[in-house]
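# Residue-level structure breakdown
So the chains spell out like this:
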Amino acid sequence: NCSLSNEPVLPKNIILMIGDGMGLSQISAAMYTNDNFLFLEEAKHIGLVKTHSHSSIITDSAAGATAFSTGEKTYNGSINMSIDTVPLTPITNNLNKANIKTGIIATSSVTHATPACFYGNQVNRYGVGEDLATQFLQSNIHVLMGGGEDYFNNRSDNLNLTDSLKKKGYIMIDSIIDVVPPGTEKLINFCAPKEPKSKHDGRGDFLTLATKKAIDVLNTKNNNGFFLMIEGSQIDWGGHDMDSDYIISETLDFDKAIKEVLEFAKNDKNTLVLITADHETGGYGIIGGDMKKNTIKTSFLNDDHTATMVPLFAFGPMANHFIGIYDNTEVYKKILTLFNLSHK
C-alpha cells in the first residue's frame, strides 16, 4: 500500500470566488488600510490570469465569466455565447449531470453578467434580467443568493417565478438572517428588488452570511461534492465610480467571505478554494500613504476595465495546479479535471 499514499487526492468540493474588478492594487489597498492584513494571504499558491476576451484586449465581466464557466473566449457582452452566437454550456450543467451540487452568490443582481454566466445564455448581457430569471428556472442549481427579486416576481409578463421555484423544491428565505430548516438542500434568498446596496450604504454582512448558509446547504447530504461561485460584485463598481473608499470597503467585505470559506476548507480538508478576478477596473494605483495610520493615497487611469493580468490565489487539495501564468479559460479546464470530468 506504500504507493497509494502518494496518489494525488482530488478535491471533493471547489469554491470559486470572483472579486469583480479586483486587481492587485485593489487587494493592496484593502490590505494597507486594514493593518497590513487580509485573510486571503492564507492561500499560498498564486498564479496570474490573462483576462483578454476574444474580441478585445480588455474584457468585460460577461466575456470574462463566460471564459470561467465554459472554457471559451468570446466577445464582450456575451453571456455564454460563442463568437458565432451559438449557446455554450455553463459549467454548472456539466457538474449537475455528475450529481455535483452547485450554488451561486453575488452582491449584484443574480442576473448580472458574472452570476448569469453560471446558468444562462444571452447574446447581449443588457436588459435581459427577466429572460435570465426564466433560464435560471430551467437550471438545476441548488443555491442562489443575491439581488434581482423583481426579475422573478415583478415581471412585465406578470408571471410569478417565485411560485415556480417553490414548486421545484426551493426553500426561500426572506432575509439572510432567517433560520434555514435543517436538511434543506435547495435554497434561495433575494436581498434586493434589483441591485443590492453597497456595503458602505448598509448591505450589512449579507455576503458572509450567504456564504455560510450556502456552504451549509450544499454540504447537506453531500455525496458527490459541490461547486460554489461567490462574487464580490461591487469591487468593480467602486472602480467605475473611481471611488477608492468604495473599492476598499467592498474588497474587505469580500475578504470576510474568504475567511468563512477558508475556515470551512481547513476543517473539511477536501475543498479547493480559488480566489481571483475577471479583470481589473480603473487602472487603480496606490501613489502614497501612511501604513501606521492605515491611510493610502490612490489614483485612477480611467473609469473602466484594464487589460492587466489578475491574481489567482488557491488553497486546499491540488492548489499547486494554479501556479503560473495562464488564460482565464484554463480555470474552467482545471476545475473540470479536478472534479474528474472531461472537457472538450
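The structure we're discussing is the one just above.
Below is a short write-up of the structure. Every residue gets a number counted from 1 within its own chain, in the order that chain's sequence is written. The model is predicted, so local features are restricted to residues of pLDDT at least 70 and side-chain atom pairs to those at 80 or more, both for listing and for counting; the totals for chains, interfaces and linings are taken over all residues. To obtain the side-chain values, all non-hydrogen atoms of the structure were used and water was disregarded.

## Considerations on the overall build of the chain
Basically, it comes down to this: A helix here means a DSSP run of H or I that spans at least four residues, while a strand means a run of E at least two residues long, and both kinds are numbered starting from the N terminus. In this setup the radius of gyration rests on C-alpha atoms only. A globule is expected at 2.2 Å times the number of residues raised to 0.38. Each residue's exposure class comes from its accessible area (1.4 Å probe, protein chains only) as a fraction of the maximum for that residue type: buried when under 20%, exposed when over 50%, partly exposed otherwise. Contacts between residues were defined by any pair of non-hydrogen atoms, one from each residue, lying within 4.5 Å. Shrake-Rupley sampling with a 1.4 Å probe provides the accessible areas, and residues are treated as covered by the protein chains on show and by no other component. Note that His is not counted, nor are the chain ends; the positive residues are Lys and Arg, and the negative ones are Asp and Glu. The atom standing in for a charge is NZ when the residue is Lys, CZ when it is Arg, CG when it is Asp and CD when it is Glu.
For the chain, the helix and strand inventory stands at 12 helices and 14 strands. Here the C-alpha radius of gyration of the chain, 19 Å, is about what a compact globule of 344 residues would show, namely 20 Å. C-alpha extents for the chain along the principal axes are approximately 65 × 55 × 45 Å. The 344 residues of the chain split such that 55% are buried. Of all intrachain contacts in the chain linking residues separated by at least 6 positions in sequence, the fraction that spans at least 24 positions is 72%. Counting only carbon and sulfur atoms, one obtains 50% of the accessible surface of the chain, whose full area is about 14200 Å². Positive and negative side-chain charges of the chain, numbering 29 and 39 respectively, have mean locations separated by a distance of 6 Å.

## Some details on the packing of helix α1 (residues 24-32) against helix α11 (residues 244-268)
Condition: Axis lines are fitted to C-alpha atoms, over the contacting stretch for helices. Their N-to-C directions set the angle, which ranges from 0 to 180 degrees. Under this scheme an angle from 65 to 115 degrees is roughly perpendicular, one under 35 degrees roughly parallel, and one over 145 degrees roughly antiparallel; angles in between are oblique. All residues other than Ala, Val, Leu, Ile, Met, Phe, Trp, Tyr, Cys, Pro, Asp, Glu, Lys and Arg, Gly among them, are scored as polar; the first ten of these are nonpolar and the last four charged.
Where α1 contacts α11, the two axes come as close as 9 Å, and the packing angle between them is 85 degrees. In terms of axis orientation, α1 runs roughly perpendicular to α11. For the pair α1 and α11, the contacting residues are Gln-26, Ile-27, Ala-29 and Ala-30 in the first and Ile-247, Ile-248, Thr-251 and Leu-252 in the second. Partitioning the contact of α1 with α11 into residue classes produces 6 nonpolar, 2 polar and no charged.

## Focus on the pairing of strand β7 (residues 226-232)
Quick reminder of the rule: DSSP bridges decide pairing: two strands pair if at least two such bridges lie between them.
Within β7, 7 of the 7 residues are buried, which leaves it mostly tucked inside the rest of the structure. Burial of β7 is two-sided: the residues Phe-226, Leu-228, Ile-230 and Gly-232 facing one way and the residues Phe-227, Met-229 and Glu-231 facing the other way are all buried. As defined by bridge partners, strand β1 (residues 13-19) adjoins β7 across 6 bridges and the pair is classed as parallel. Counted as the bridge partner of Ile-14 is Phe-227 from β7.

## Re the sheet that holds strand β6 (residues 187-192)
Backbone hydrogen bonds are what pair the strands of a sheet, in a parallel or an antiparallel way. If you trace the 10 strands from one edge of the open sheet to the other, you get β5-β6-β4-β3-β7-β1-β8-β13-β2-β14, paired in mixed fashion. Looking at which strands have only one partner, the edges of the open sheet turn out to be β5 (171-173) and β14 (324-327). Averaged over all neighbouring strand pairs, the angle between strand axes comes to 15 degrees, with direction disregarded. Where strand β3 (residues 101-109) lies against strand β4 (residues 143-147), 4 bridges are found, and the strand directions are parallel. Across the sheet, the residue bridging to Ile-104 is Leu-144, located in β4. Along the sheet face, helix α9 (residues 206-218) touches β1, β3, β4, β5, β6 and β7 and points at about 170 degrees away from the line of β3. Packed on one face of the sheet, α11 meets β1, β7, β8 (271-276) and β13 (310-315) and runs near 165 degrees to β1.

## As for the pattern of salt bridges
The criterion, for reference: One side-chain nitrogen of Lys or Arg within 4 Å of one carboxyl oxygen of Asp or Glu is enough to make a salt bridge.
This structure, assessed with the given rule, holds 13 salt bridges. One salt bridge connects Arg-203 with Asp-253, and the closest N-O pair in it is separated by 2.6 Å. Within this pair, whereas Arg-203 is found in helix α8 (residues 199-203), its partner Asp-253 is found in helix α11, the two being separated by 50 residues in sequence. What makes Arg-203 buried here is its relative accessible area of 10%. The class of Asp-253 is buried, set by a relative accessible area of 2%. Here the salt bridges share partners, and the residues they tie into one network are Lys-199, Arg-203, Asp-205, Glu-250 and Asp-253.

## Quick word on the layout of surface pockets
We apply this condition: Grid spacing is 1 Å over the protein atoms alone, the probe is 1.4 Å, and a cavity is where that probe fits but cannot get out, while a pocket is an open set with protein on both sides within 12 Å along at least five of seven lines and lining residues have an atom within 4 Å of a point. Grid points are joined across faces, edges and corners, and a volume is the space filled by probe spheres set on the points.
Empty space within the largest pocket amounts to approximately 180 Å³. Taken together, Ser-109, Thr-111, His-112, Ala-113, Arg-125, Tyr-126, Gly-127, Val-128, Gly-129, Tyr-151 and Glu-195 form the lining of the largest pocket. Split into classes, the residues belonging to the lining of the largest pocket amount to 4 nonpolar, 5 polar and 2 charged.

## Some points on the environment of Lys-197
By the secondary structure assignment, Lys-197 is in the loop between β6 and α8. Distance from Lys-197 to Ser-82, taken between C-alpha atoms, is 33 Å for residues 115 residues apart in sequence. Leaving out residues up to four positions away in the same chain, Lys-197 has contacts with Gly-202, Arg-203 and Gln-234.

## Quick look at the pairing of β8
Here β8 lies mainly inside the structure; 6 of its 6 residues are buried. Burial along β8 is two-sided: the residues Thr-271, Val-273 and Ile-275 and Leu-272, Leu-274 and Thr-276 are all buried.

## Quick look at the packing of aromatic side chains
Test applied: Only Phe, Tyr and Trp rings are paired, with Trp represented by its six-membered ring, and only when their centres lie within 6.5 Å; those with planes under 30 degrees apart are stacked, over 60 edge-to-face, the remainder tilted.
As enumerated under the stated definition, the model contains 8 aromatic pairs in all. Consider the rings of Phe-37 and Phe-39, whose centres lie 5.0 Å apart with planes at 80 degrees: the pair is edge-to-face. What makes Phe-37 partly exposed here is its relative accessible area of 37%. Among the residues examined, Phe-39 registers a relative accessible area of 23% and is labelled partly exposed.

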